[in-house]
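Okay, here's what each chain looks like letter by letter:
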Amino acid sequence: MKKEELLEKLLRSYRQSFDLECPYTVHGEKYDAYGAFNVTSAKYVLTKKTELWRAQCYEHAFFKLTEEFSGKDLEAFSQQITEYIEPEMVRHGEKCPPPNHMYTYITGVFICDSVDEQAKKLIRKFKFMKNYRFTIRGYCDARIVVFDLKNKKLYGNGAAREIIKGYKKIL
């Protein structure tokens, strides 16, 4: 399977729930696609005026095609998260996300021909998690998934464990 075919297959499944934009540029870094997802859940008593609770959940998914995934690619994505994605797309430039924010996932999906040996170790160790006001305002967690098409393998960090199970079916 070619990288472009796999990307199109992934985007078809994402299109059902995500707002997609192809291509997408974040703070000078170009991605082949970007998907935004948000859902709001609430519990009412008798009428909508009497709201017991509300929870807003978000995900930002970034897709990129590369020849070989290396530690530099992971470092660049990590830098994007800390410098722009988390402060601007999650917190909107504020100290913490708005009230009722439950969680935001930042997902990086890299589709490549091969993965550098050092990068495999770095992918497993990759971690970005931020709590807002002791999780009263929710949390943000970063997940990374790397498709190695040459070896037909999938690599990801601990936070991406659940989505990797679904991606294995696609690969």
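Residues numbered from 1 in each chain as written. Predicted model: local features only at pLDDT ≥ 70, side-chain atom pairs only at ≥ 80, totals over all residues. Heavy atoms only, no water.

Describing the packing of aromatic side chains
Centre-to-centre distance and the angle between the planes together describe a pair of aromatic rings.
Working step 1: Applying the stated criterion across every chain yields a total of 15 aromatic pairs.
Working step 2: Consider the rings of Tyr31 and Phe62, whose centres lie 5.2 Å apart with planes at 50°: the pair is tilted. Of the two residues, Tyr31 sits in strand β3 (residues 29-31) while Phe62 sits in strand β5 (residues 47-69), which places them 31 residues apart along the sequence.
Working step 3: A residue is classified by how much of its surface remains accessible, and Phe62, at 1% relative accessible area, is buried.
Working step 4: The interplanar angle of 65° and the centroid separation of 6.3 Å between the aromatic rings of Phe62 and Phe77 together place this pair among those described as edge-to-face. With Phe62 in strand β5 and Phe77 in helix α2 (residues 71-90), this residue pair connects regions lying 15 residues apart in the sequence.
Working step 5: The cationic tip of Lys64 hangs over the ring face of Tyr31; the distance from NZ or CZ to the ring centre is 5.4 Å.
Working step 6: The ring of Tyr105 carries Arg143 above its face, with NZ or CZ at 4.2 Å from the centroid. (Phe/Tyr/Trp six-rings, centres within 6.5 Å; stacked < 30°, edge-to-face > 60°. Helix = DSSP H or I, 4+ residues; strand = E, 2+ residues; numbered from the N terminus. Buried < 20%, exposed > 50% of the residue type's maximum accessible area, 1.4 Å probe, protein only. Lys NZ or Arg CZ within 6 Å of the ring centre and 35° of its normal.)

Concerning the environment of Tyr31
Working step 1: Taking the relative accessible area as the measure of exposure, Tyr31 reaches 2% and is therefore buried.
Working step 2: Beyond its immediate stretch of four places on either side in the chain, Tyr31 contacts Pro23, Tyr24, Val26, Phe62, Phe63, Lys64, Phe77 and Gln80. (Contact = heavy atoms within 4.5 Å.)

Some remarks on the nonpolar core
A general tendency of soluble globular proteins is for nonpolar side chains to be buried together.
Working step 1: If you look at the biggest cluster of nonpolar residues, it comprises 27 residues, and the most contacted ones within it are Phe62, Phe69, Phe77, Ile106, Ile144 and Val146.
Working step 2: Every element with two or more residues in this core is listed here: β2 (24-26), β5, α2, β6 (101-115), α3 (117-125) and β8 (139-148).
Working step 3: If you tally residues by element for this core, the top one is α2, at six residues.
Working step 4: Beyond its immediate stretch of four places on either side in the chain, Ile106 contacts His60, Phe62, Phe77, Ile81, Ile85, Glu86, Val90, Cys140, Asp141, Ala142 and Arg143.
Working step 5: Counting 20 residues, the second largest nonpolar core, distinct from the first, contains Leu10, Ala61, Leu154 and Ile163. (Core = buried A, V, L, I, M, F, W, Y, C linked by side-chain atoms within 4.5 Å.)

Details of the side chain of Asp148
Working step 1: Structurally, Asp148 can be placed in strand β8.
Working step 2: The side chain of Asp148 is buried and forms no salt bridge, while Lys120, the nearest opposite charge, is found at 4.8 Å.
Working step 3: Only 2.9 Å separates the side chain of Asp148 from the side chain of Asn151, close enough to count as a polar contact.
Working step 4: Once residues lying within four places of it in the same chain are set aside, the contact partners of Asp148 are Cys112, Asp113, Ser114, Val115, Lys153 and Tyr155. (Lys, Arg positive; Asp, Glu negative; His and termini not counted. Salt bridge = Lys/Arg side-chain N within 4 Å of Asp/Glu carboxyl O. Polar contact = N/O pair within 3.5 Å; in protein donor to acceptor, adjacent residues only side chain to side chain.)

Comments concerning α2
Working step 1: In this model, α2 (20 residues) spans only 25 Å end to end at C-alpha, well below the 28 Å of a helix rising 1.5 Å per residue.
Working step 2: Those residues of α2 that sit buried are Gly71, Leu74, Phe77, Gln80, Ile81, Ile85, Glu86, Pro87, Met89 and Val90.
Working step 3: Of the residues flanking the end of α2, it is His92, one or two places downstream, whose phi is positive at about 55°. (Expected span 1.5 Å × (residues − 1).)

What to know about a nonpolar patch on the surface
Working step 1: A grouping of Val45, Leu46, Leu52 and Trp53 is seen on the molecular surface, where their side chains present a nonpolar patch of about 470 Å² in accessible area.
Working step 2: In this structure, Val45 sits in strand β4 (residues 33-45). (Patch = residues over 30% accessible without salt bridge, like charges linked within 9 Å, V, L, I, M, F, W, Y side chains within 5 Å. Areas by Shrake-Rupley, 256 points an atom, 1.4 Å probe, with all protein chains shown as cover.)

Observations regarding the pattern of salt bridges
Working step 1: According to the stated counting rule, one finds ten salt bridges in the structure shown.
Working step 2: A salt bridge links Lys3 to Asp113; its shortest N-O distance comes to 3.5 Å. Taken together, the residues Lys3 in helix α1 (residues 3-14) and Asp113 in strand β6 connect sequence positions 110 residues apart.
Working step 3: Given a relative accessible area of 31%, Asp113 falls into the partly exposed group.
Working step 4: For the salt bridge of Arg54 with Glu51, the shortest nitrogen-to-oxygen distance reads 2.7 Å.
Working step 5: Under the relative-accessibility criterion, Arg54 is labelled partly exposed at 27%.

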